[in-house]
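These are the residues of each chain, in order.
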Amino acid sequence: MGDNTIIQLQNISKKFDDEVILDNINLTIKDKEFMTFLGPSGCGKTTTLRIIAGFLESDSGQVLFEGKDINNLPPHKRQVNTIFQRYALFPHLNVYDNIAFGLRIKKMKEKDISKKVHEMLELVNLKGFQRRNIASLSGGQQQRVAIARALAVEPRVLLLDEPLGALDLKLRKDMQVELKNIQKRMGITFIYVTHDQQEALSMSDTVVVMNDGRIQQIGTPIDIYNEPKNAFVADFIGESNILDGVMLDDFKAKFSGAVFQCLDKGFAVNESVDIVVRPEDVDVVPVEEGTISGVITSNTFKGVHFEMIVDIDNFKWMIQTTDYYPVGSKIGIQIEPDAIHVMKKSEYSGMYGDYSSFSDELEHLSDITVEEEE
Amino acid sequence: MKKKSLSKKLTASPYLVWAAIFIIVPLIFVVYYSVTDGNGNFTLEYIMDIGKYKDVMLNSIWLGFIATVISLVISYPLAYIMARSGANVQRTMMILVMLPMWMNLLIRTYSMMILLQDTGIINTALSWLGIPPLHMINTQGAVVLGMVYNYIPYMILPLYSIMAKMDHNLIEAAEDLGANKLTVLKDIILPLSLPGIASGFTMVFVPSVSTFYISKKLGGNTFSLIGDVIEMQFKSANNYNLGAALSLVLMVLIIVCMMVMNRFTGEDDDGGVLI
């Protein structure tokens, strides 16, 4: 265990009515780290957070805080604080008294409380709001009060449960930057739960991708994006074409009926693998110059680029280009060795990465679905 | 616009007619009788007579208050436990709370008599155990017990409904900020349930203060409450004017009590009864 480890989860498992929610979670969280639990609805990320906060007890396993077992410590004695999904501000108290709540429990002097509250209001850009009623605040302002309230008691670790889920897109982006700044300025650990991969990638030092109650991958945002461990991670983070392939030899992969140079090695000869190619990493060339070729079945203008669905050997690829190609035309494709990522076969192989049923509308729907866990 | 307001009026009209016939008109009669004498001449004589009944009135308010406080003390933890239980337990407990209300008040009060009499069920049981009998019937305590027994559902229901609505995240947030169970109760649950307390307080206090049946059956003839005095004026003394005057004063007193109560629980009591 490293010196700067603050929280450790060891073999955490949890069941609700025989349904496995968490399956043997092991995780080390470093001090001052911005860690994000990322995953779809019901993957167990909120449950993990609640176990760290002390609102839930795991069926087995241990939570260690600086090496000490805190399994039996009630929430009010833990040095962690939570920002709740719907803020959970006390409606009968004004902004000042909400932020002062934890300080009064600590029996701080009223003079020091006042100083701290004003300091916190400044931190979250709500100067002059102390006498305001909670009900009179907008969602974004309530969010800020919730952050100020949690940070006022100077926790070592702040737990954030989808804190931006209820805000509109513009505000969400602003708050992402602000949260990241606050985390740096306060120098404390943030553990952040979200189902929004963009949010996770842009804010975190470390991303923990979860699904089916298990950790799928732990890594930096760049690692997670460039080196996904399995088809689930590749599909969940960004867009991916995930193809069945065979490793002929080190640095030599065969898929879509052609052999490509790649940078991956260490697989058995002729081992079946999953191949990931990101839509933006595909080079579109004239048919005769392409390693493989296909027919464009749809093309959508996305602003920065065009997003095409291309039928290559009955597999639908997503390809993003800045040049326009009409639907129905035939194009050639080249893929650079560093654009190919080879993964071992997993339980998720074949479940993701084909865009044959892809529709913009569907994607949109899944984007705005507000997640309800438990 | 006009059409809409007309249809609104029509929708409300059955109740307006009802209210006019059974609330407004009787109230006018009460006021009329209380400021006139038997011949219909204006007089404040009966209202001035109230002084004679001061003790009875204060005693009624006092007993009603005690009954209300006892109901509150019993109901509050019960409502809390109910609101925190699983759906099935909640349903079962709700039925148990409601069950007595399906029976007539008179029958319920009679059953209390059978329990409390000197030779009643409780004393019989005590004598089997070799404990000397307790005199319970025809005491103020018995009357308060009757009030609590009869009206406690009206305390439990508003408390339960406000506690069931309470966002559990608030309790977790308070614990998260370092509050122990007692602080959570004192600083979060209690202030947030004030509207329910005010509502329950009103619904138990008002009928308790003005009851006459409970005091008659369980208090015997040892003392009377203001409700008994008023009933007597209308039924045996045939003095409608004094009865009306007493009713009017009692009503005003209850309104004053409620206003004090509402002041105490704060302005924004959305679940409370406004008077």
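About the cut-offs
Residues numbered from 1 in each chain as written. Chains lettered and ligands numbered in written order. Predicted model: local features only at pLDDT ≥ 70, side-chain atom pairs only at ≥ 80, totals over all residues. Heavy atoms only, no water. Helix = DSSP H or I, 4+ residues; strand = E, 2+ residues; numbered from the N terminus. Axes fitted to C-alpha atoms, helices over the stretch in contact; angles between N-to-C directions. Parallel < 35°, antiparallel > 145°, perpendicular 65-115°, else oblique. Left-handed = near helix turned anticlockwise from the far one by under 90°. Contact = heavy atoms within 4.5 Å. Domains from an automatic or database assignment. Salt bridge = Lys/Arg side-chain N within 4 Å of Asp/Glu carboxyl O. Polar contact = N/O pair within 3.5 Å; in protein donor to acceptor, adjacent residues only side chain to side chain. Nonpolar A, V, L, I, M, F, W, Y, C, P; charged D, E, K, R; others polar. Buried < 20%, exposed > 50% of the residue type's maximum accessible area, 1.4 Å probe, protein only. Buried area = accessible area lost by both parts, 1.4 Å probe. Pairing = 2+ DSSP bridges. Phe/Tyr/Trp six-rings, centres within 6.5 Å; stacked < 30°, edge-to-face > 60°. Lys NZ or Arg CZ within 6 Å of the ring centre and 35° of its normal.

Visitor: Outline unusual backbone geometry, supporting the account with residue identities and numerical values.
Guide: Residues and elements named next belong to chain A. The backbone of Tyr87 shows a phi angle near 70°, a positive value even though the residue is not glycine. For Tyr87, the location among the structural elements is in the loop between strand S6 (80-83) and helix H2 (95-105). With phi around 50°, Glu154 is a residue other than glycine that occupies positive phi space. Inspection of the secondary structure assignment puts Glu154 in the loop between helix H4 (139-152) and strand S7 (157-161).

Visitor: Any details on the packing of helix H4 (residues 87-98) of chain B against helix H7 (residues 140-165) of chain B? Residues and values, ideally.
Guide: Residues and elements named next belong to chain B. Running from N to C, H4 and H7 point in directions that differ by 150°, and their axes come no closer than 10 Å. Considered as vectors, H4 and H7 are oriented roughly antiparallel to each other. By crossing handedness, the relation of H4 to H7 is classed as left-handed. Contacts between H4 and H7 involve Gln90, Met94, Val97 and Met98 from the former and Pro153, Ile156, Leu157 and Tyr160 from the latter.

Visitor: If you had to explain the domain arrangement of chain A to someone new, which residues and values would you point to?
Guide: Residues and elements named next belong to chain A. Each assigned domain of chain A is listed with its residue range as follows: domain 1 (5-226) and domain 2 (240-368). The distance between the C-alpha centroids of domain 1 and domain 2 comes to 37 Å. Facing the seven residues of domain 1 at the interface are six residues of domain 2. One can count one salt bridge joining domain 1 with domain 2. Salt-bridge contacts for Glu347 lead to Arg214; the nearest nitrogen and oxygen are separated by 2.9 Å. For the pair domain 1 and domain 2, the number of links is six residue pairs in polar contact (both at pLDDT 80 or more). Counting residues per element, the ones that place at least two in the side of domain 1 that touches domain 2 are strand S10 (214-219) and helix H7 (221-226). The element best represented in the side of domain 1 that touches domain 2 is H7, accounting for three residues. Of the residues assigned to the side of domain 1 that touches domain 2, the class counts are two nonpolar, three polar and two charged.

Visitor: Provide a residue-level description of the pattern of salt bridges, including the pertinent values.
Guide: One pass over the structure, following the stated rule, counts 24 salt bridges over all chains. Between Lys180 of chain A and Asp205 of chain A there is a salt bridge; the shortest N-O distance is 3.5 Å. Of this pair, Lys180 of chain A sits in helix H5 (residues 169-186) while Asp205 of chain A sits in the loop between helix H6 (197-203) and strand S9 (206-211), and the two are 25 residues apart along the sequence. Residue Lys181 of chain B pairs with Glu175 of chain B through a salt bridge whose shortest N-O separation is 3.1 Å. For Lys181 of chain B, a relative accessible area of 65% puts it in the exposed group. In this structure Glu175 of chain B comes out as buried when scored by relative accessible area, which is 12%. Residues joined in a network through salt bridges with shared partners are Asp31, Lys32, Glu66 and Arg156 of chain A.

Visitor: Mind laying out the interface of chain B and chain A, listing which residues take part and the relevant values?
Guide: Between chain B and chain A, the contact holds 16 residues from the first and 19 residues from the second. Interface area, chain B with chain A, both sides summed: about 1600 Å², of which 66% is carbon and sulfur. Where chain B touches chain A, the interface holds one salt bridge. As a salt-bridge pair, Glu172 of chain B and Arg50 of chain A come within 2.8 Å of each other at their nearest N and O atoms. Viewed at the interface, chain A and chain B are joined by five residue pairs in polar contact (both at pLDDT 80 or more). Of all the elements in the fold, those that place two or more residues in the side of chain B that touches chain A are helix H8 (168-176) and helix H9 (181-210) of chain B. Per-element accounting of the side of chain B that touches chain A gives the leading share, seven residues, to H8 of chain B. A breakdown of the residues in the side of chain B that touches chain A according to their chemical character gives eight nonpolar, four polar and four charged.

Visitor: So what's going on with the pairing of strand S11 (residues 241-249) of chain A? Residues and values would help.
Guide: Residue and element names in this part refer to chain A. With seven bridges connecting them, S11 and strand S14 (residues 271-277) associate as antiparallel partners. Considered in S14, the bridge of Asp244 is made with Asp274. For S11 and strand S12 (residues 252-255), the ladder comprises three bridges, and the chain directions are antiparallel. Of the residues in S12, the one forming a bridge with Met247 is Ala253. Counting the residues in the hairpin turn of S11 and S12 gives two residues, including Phe251, whose phi is positive at 65°.

Visitor: Lay out the packing of aromatic side chains with the relevant residues and their values.
Guide: Counting across every chain of the model gives 20 aromatic pairs over all chains. Residues Phe306 of chain A and Tyr324 of chain A carry aromatic rings whose centres are separated by 5.3 Å and whose planes lie at 55° to one another, so their mutual orientation is tilted. Here Tyr324 of chain A lies in the loop between strand S18 (315-321) and strand S19 (330-335) and Phe306 of chain A lies in strand S17 (residues 306-312), a separation of 18 residues in the sequence. The class of Phe306 of chain A is buried, set by a relative accessible area of 16%. Between the aromatic rings of Tyr32 of chain B and Tyr33 of chain B, the centroid separation amounts to 5.7 Å while the plane-to-plane angle is 65°, which identifies the pairing as edge-to-face. Look at Tyr33 of chain B and you get partly exposed, because its relative accessible area is 28%. The structure contains a cluster of three or more aromatic residues connected by ring pairs, namely Phe29, Tyr32, Tyr33, Phe234 and Tyr240 of chain B. Against the face of Phe90 of chain A rests Arg149 of chain A, its NZ or CZ located 4.6 Å from the ring centre. When the ring centre of Tyr225 of chain A is taken as origin, the NZ or CZ atom of Arg278 of chain A, which lies over that ring, is 3.9 Å away.

Visitor: Tell me about the sheet that holds strand S1 (residues 5-16) of chain A, and name the residues and values.
Guide: Residue and element names in this part refer to chain A. Strand order in the open sheet made by the four strands is S2-S1-S4-S5, with antiparallel pairing throughout. Each having just a single partner strand, strand S2 (19-30) and strand S5 (68-69) make up the two edges of the open sheet. Judged from the two bridges that link them, strand S4 (residues 60-65) and S5 form a sheet pairing that is antiparallel. Counterpart to Leu64 in the pairing with S5 is Asp69. The sheet contacts of helix H1 (residues 45-53) involve S1, S2 and S4, and relative to S1 the element is tilted by about 120°.

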